[in-house]
Amino acid sequence: YELLNYVFQIRQIKSLYLYHAFPSWYQFVTSTFCHANWNHLSSNLFFVYIFGKLVEEEEGNFALWMSYILTGAGANLISWLVLPTSSVSLGASGAVFGLFTISVLVKMSWDWRKILEVLILGQFVVDKVMEAARATTITGAALQVNNIAHVSGALIGAALVFVINRIPLSSNDDNPKASKDNKDKRS
């Protein structure tokens, strides 16, 4: 989307943004793939790559895509409910925070090294994402950071992990983590 918008200057790309006054259903998802500028896009791509890779390694490709879409669209839904109707939301920051939360919670253990890693990585992520995502919401003529999307994306990610952990798995072959654990036990 961004390449089409910046290189070819296609105006229809803006129809994919989430306009809070009169949103279309698809904008809750498509706006997570649209960004205000190159810095916003590149920082979100970096974090989606880092945390998406962790989620994919632990839970699989399908879980990664579902996590991205559910946390991104969910963060947009909550933003739409909370922010003024003059707002326009775009960017993957809600999904980034969701993927970060999921990647931390699926790897979490009471090992002090894991806890230290989570604390250091968490501080880095919060600082960098807040610094780099300067233009996730447009209110009037001013560009603002959509902190509602950040927090709600993280909360939705935590809720997804909580709900998924309550669902019994029918087969270990469908779960990459279970397959990995079985391989480790056989070695």
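The written sequence of each chain sets the order in which its residues are numbered from 1. Reporting of local features is limited, given that this is a predicted model, to residues whose pLDDT is at least 70; pairs of side-chain atoms are given and counted only at 80 or more, and all residues count toward the totals for whole chains, interfaces and linings. Just so you know, side-chain values use all the structure's heavy atoms and leave hydrogens and water out.

## Overview of the nonpolar core
We define the nonpolar core as a collection of buried residues of types Ala, Val, Leu, Ile, Met, Phe, Trp, Tyr and Cys that are connected through side-chain atoms lying within 4.5 Å of one another. Exposure classes here rest on a 1.4 Å probe applied to the protein chains alone. A residue is buried below 20% of its type maximum, exposed above 50%, and partly exposed in between. Grouped together as the largest cluster of nonpolar side chains are 14 residues, with contacts concentrated most on Phe51, Val55, Tyr68, Leu99 and Ile102. Only DSSP runs of H or I reaching four residues or more are called helices, and only runs of E reaching two or more are called strands; each is numbered from the N terminus. Of all the secondary structure elements, the ones that give two or more residues to this core are helix H3 (38-59), helix H4 (61-82) and helix H5 (93-107). In terms of residues, this core owes the most to one element, H5, which gives seven residues. Working rule for contacts: check all heavy atoms of both residues, and any pair within 4.5 Å makes them a contact. Setting aside its immediate chain neighbours within four residues, Leu99 contacts Val48, Phe51, Gly52, Val55, Leu64, Ser67 and Tyr68. Core analysis: the second largest hydrophobic core is formed by six residues, Ile13, Tyr17, Cys34 and Val88 among them.

## Here we look at the UniProt feature "transmembrane region" (unreviewed entry) in the chain
UniProt positions are given in the numbering used here, feature names are shortened, and annotations may be inferred rather than shown by experiment. Under the UniProt annotation, "transmembrane region" (unreviewed entry) lies at residues 62-82 and 88-106. Taken as a whole, residues 62-82 contains 100% helix and 0% strand, while its terminal C-alpha atoms sit 30 Å from one another. The annotated region residues 88-106 carries 74% helix and 11% strand content, and the separation between its end C-alpha atoms amounts to 32 Å.

## Some words on the packing of aromatic side chains
For any pair of aromatic rings, the description rests on two quantities: the centre-to-centre distance and the angle between the ring planes. Pairs were defined over the aromatic rings of Phe, Tyr and Trp, the Trp ring being its six-membered one, requiring ring centres within 6.5 Å. Orientation was assigned from the angle between planes: stacked under 30 degrees, edge-to-face over 60, tilted for the rest. Considering all chains together, one arrives at seven aromatic pairs under this definition. Each ring, one from Phe33 and one from Tyr68, has its centre 5.3 Å from the other, and the planes form 40°; the classification is tilted. Placement of Phe33 in the loop between helix H2 (27-30) and H3 and of Tyr68 in helix H4 is noted, with a sequence separation of 35 residues between them. Between the aromatic rings of Phe46 and Phe47, the centroid separation amounts to 5.1 Å while the plane-to-plane angle is 75°, which identifies the pairing as edge-to-face.

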